[in-house]
Amino acid sequence: MKIRSVLLATVCVAALLQHEPTAAGMRNSKDLTLSCRLAKTIYAEAEPVLAFLSVKNRGKSVRCIPSGLNCGIGLQVVSLEGGERLMPPRWMDSSWGDGLQANIGPGETFAAVLDPLTTYGDYRRGAGSIADRLGGSALPPGRYRLISSLTVRETNGKKGGAYERVQGNAVDFAVVPLEDDTSSAQLVGAFLRSASWRDGEYVARSKYCADWVPRFYSSGFLPTVFRASGSHMKEEPLGALLSALRANGASDIMRANILQTRLIIHPGGGELRVLLEQIAEYELTGPTAEIIGTWATRVARPNAE
């Protein structure tokens, strides 16, 4: 359960209305830029909506970038059905307390993959729902807009000083009923039909999900099943896992998400440094390379308090 709570908290994003500084102490950042993109624009209901965020430091000094829950990273979801309407965030556990932040130097980039469903999705109950079976969440079918932003202190994360706002781009996406996505519906249906664990049987559930993970290598539901496999996530060597994802046509953002998940639960120190060097040899560009760079910076440079 510890691994699950860490992962759940990590993929959550901050609710800006809960933590936004007053306008009087806010200015637009001159040094930092933020970009956000999705792997695709149409998702089946309950499929994770993986958003790849990249923050670039174009200034001349090291900047402290918040990297986790309630630290300033914001993704707002707006419903476009019947006029624009801001989706209210639902409450989430905020027990992840290691305080990870990234100090990025001039010209460096901080990258992360976040899923807004963990903050804005509703818990879905009902027969045949993978979200219900695995304790996940979903948005109802419809059209949505994702708006990204970042809030940091001017004084490199230290107490005092004014705030800077980094406004990212907005991206639109749609959610369709699961049955409209034939391949996903067939795979999820097969997964649910043979699932025999009962509520609370986490050992049986994690083992079942681990056995099914390879079947989801080319599916957008991979993060859902992968995280539900618990401690089994660490069984396959990371290089082999990423290679299998590439061979099965997983998108660069999907690979970056799975890579980030594995790095979160990987031991730190020299062992992590060696692992990053190994996978960097064949993940040369794109989101996976940016995730590697972000974690390599954390290993090489002490995090801000």
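Use the structure listed above.
Residues numbered from 1 in each chain as written. Predicted model: local features only at pLDDT ≥ 70, side-chain atom pairs only at ≥ 80, totals over all residues. Heavy atoms only, no water.

Draft legend 1. Seen up close, the sheet that holds strand E4 (residues 51-57). Strand order in this open sheet of 3 strands is E2-E4-E9, and the pairing throughout is antiparallel. Edge positions in the sheet fall to strand E2 (32-38) and strand E9 (109-114), since each has one partner strand and no second. Across this sheet, the average inter-strand angle for adjacent strands is 15°, counted without regard to direction. For E4 and E9, the ladder comprises 6 bridges, and the chain directions are antiparallel. Paired with Ser-54 across the strands is Ala-111, a residue of E9. Across the sheet, helix H9 (residues 252-264) touches E2, E4 and E9, and the angle it forms with E9 is around 95°. Relative to E9, helix H11 (residues 286-300) is tilted by about 115°, and along the sheet it contacts E2, E4 and E9. (Pairing = 2+ DSSP bridges. Helix = DSSP H or I, 4+ residues; strand = E, 2+ residues; numbered from the N terminus. Axes fitted to C-alpha atoms, helices over the stretch in contact; angles between N-to-C directions. Contact = heavy atoms within 4.5 Å.)

Draft legend 2. Layout of the packing of H9 against H11. Running from amino to carboxyl end, H9 crosses H11 at an angle of 25°, the nearest separation of the two axes being 8 Å. On the basis of their axis angle, the class for H9 and H11 is roughly parallel. You can see that H9 and H11 cross each other, and the crossing is right-handed. On H11, the residues that touch Asp-252, Ile-253, Arg-255, Ala-256, Leu-259, Gln-260, Leu-263 and Ile-264 of H9 are Pro-287, Thr-288, Ile-291, Ile-292 and Trp-295. Residue classes in the contact of H9 with H11 are distributed as 9 nonpolar, 2 polar and 2 charged. (Parallel < 35°, antiparallel > 145°, perpendicular 65-115°, else oblique. Left-handed = near helix turned anticlockwise from the far one by under 90°. Nonpolar A, V, L, I, M, F, W, Y, C, P; charged D, E, K, R; others polar.)

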